[in-house]
Amino acid sequence: MFVIIDNMKRTKTTILWCLVVVWMAVIFCFSNQSSVNSGAVSTAVAETVYENVDLTPERFEYKNDNWLIAHYEMLLRKAAHLFIFAVLGALFCLALSSHLKKKSYVFLFSVLLGIIYAVSDEIHQHFVPGRSFLLKDILIDSIGVIIGAGVIILIMFLISKIKKRAPARSEDRA
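Residues numbered from 1 in each chain as written. Predicted model: local features only at pLDDT ≥ 70, side-chain atom pairs only at ≥ 80, totals over all residues. Heavy atoms only, no water.

**Description of the environment of phenylalanine 83**
As for its placement among the helices and strands, phenylalanine 83 is situated in helix 3 (residues 65-96). By relative accessible area, phenylalanine 83 is classed as exposed at 53%. (Helix = DSSP H or I, 4+ residues; strand = E, 2+ residues; numbered from the N terminus. Buried < 20%, exposed > 50% of the residue type's maximum accessible area, 1.4 Å probe, protein only.)

This is the structure in structure tokens:
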């Protein structure tokens, strides 16, 4: 019985770390795109949003459609940074929870590893044609990591509270 549980835990841990590595590879691939390729994708998405969703307040004055699309593109790019690093933070948190018992340590090391990867990602972009090292992207990535890890820690906390209450309720009925 203990051997089966031990093997299941080991398998779960291995899968979680594999997911972390795969997600880091996805981030690397996005960062490895030249500015031309990356910009083309962002512009296409921004144009689609512009054509299909009216996000412009009635009183909002803007110079022209291209100006507005450029702003949509910038917002989408920064939202993408936030999202992909939130996922990374969540994955680090899940993987580290197999090794560390204290949730505060899980959160701290998840954030630390996520920020280290964000910095290495920006260093990598510095060497990609047309891309650059931006401190604001590290800040956005770090906020994403904090959000992703924070959501997982909150979910773990809520699950542990529910599990603690469940036996008490069954005892009350007896």
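Structure shown, so let's carry the discussion forward.
**Remarks on the nonpolar core**
Core analysis: the biggest nonpolar cluster contains 22 residues, and Val20, Trp23, Ile27, Phe85, Leu88 and Cys93 have the highest contact counts within it. Secondary structure elements with two or more residues in this core: helix 1 (2-31), helix 3, helix 4 (103-126) and helix 5 (135-173). Among the elements that line this core, the one with the most residues is helix 3, at 9 residues. In this structure leucine 88 touches Val20, Trp23, Met24, Ile27 and Tyr117, once residues within four positions along its chain are discounted. (Core = buried A, V, L, I, M, F, W, Y, C linked by side-chain atoms within 4.5 Å. Contact = heavy atoms within 4.5 Å.)

**A word on the packing of aromatic side chains**
Counted according to the given criterion, the structure contains 2 aromatic pairs. Relative to phenylalanine 92, the ring of tryptophan 17 lies with its centre 6.3 Å away and its plane at 65 degrees, an arrangement referred to as edge-to-face. Of the two residues, tryptophan 17 sits in helix 1 while phenylalanine 92 sits in helix 3, which places them 75 residues apart along the sequence. Relative to tyrosine 117, the ring of phenylalanine 85 lies with its centre 6.4 Å away and its plane at 40 degrees, an arrangement referred to as tilted. Within this pair, whereas phenylalanine 85 is found in helix 3, its partner tyrosine 117 is found in helix 4, the two being separated by 32 residues in sequence. (Phe/Tyr/Trp six-rings, centres within 6.5 Å; stacked < 30°, edge-to-face > 60°.)

**So, the side chain of aspartate 121**
Position of aspartate 121 among the secondary structure elements: in helix 4. No salt bridge is formed by the buried aspartate 121, whose closest oppositely charged neighbour, arginine 131, lies at an N-O distance of 6.6 Å. Of note is the side chain of aspartate 121, whose polar atom sits 2.3 Å from the side chain of serine 31. If we skip the residues at most four places from it in the chain, aspartate 121 touches Ile27, Ser31, Phe85 and Asp141. (Lys, Arg positive; Asp, Glu negative; His and termini not counted. Salt bridge = Lys/Arg side-chain N within 4 Å of Asp/Glu carboxyl O. Polar contact = N/O pair within 3.5 Å; in protein donor to acceptor, adjacent residues only side chain to side chain.)

**Some remarks on a nonpolar patch on the surface**
Where nonpolar side chains cluster on the molecular surface, the patch consists of Leu82, Leu139, Ile143, Ile147, Val151, Ile155 and Ile159 and spans about 570 Å² of accessible area. Ranked by the residues each element gives to the nonpolar patch, the list is headed by helix 5, at 6 residues. What makes isoleucine 143 partly exposed here is its relative accessible area of 39%. (Patch = residues over 30% accessible without salt bridge, like charges linked within 9 Å, V, L, I, M, F, W, Y side chains within 5 Å. Areas by Shrake-Rupley, 256 points an atom, 1.4 Å probe, with all protein chains shown as cover.)

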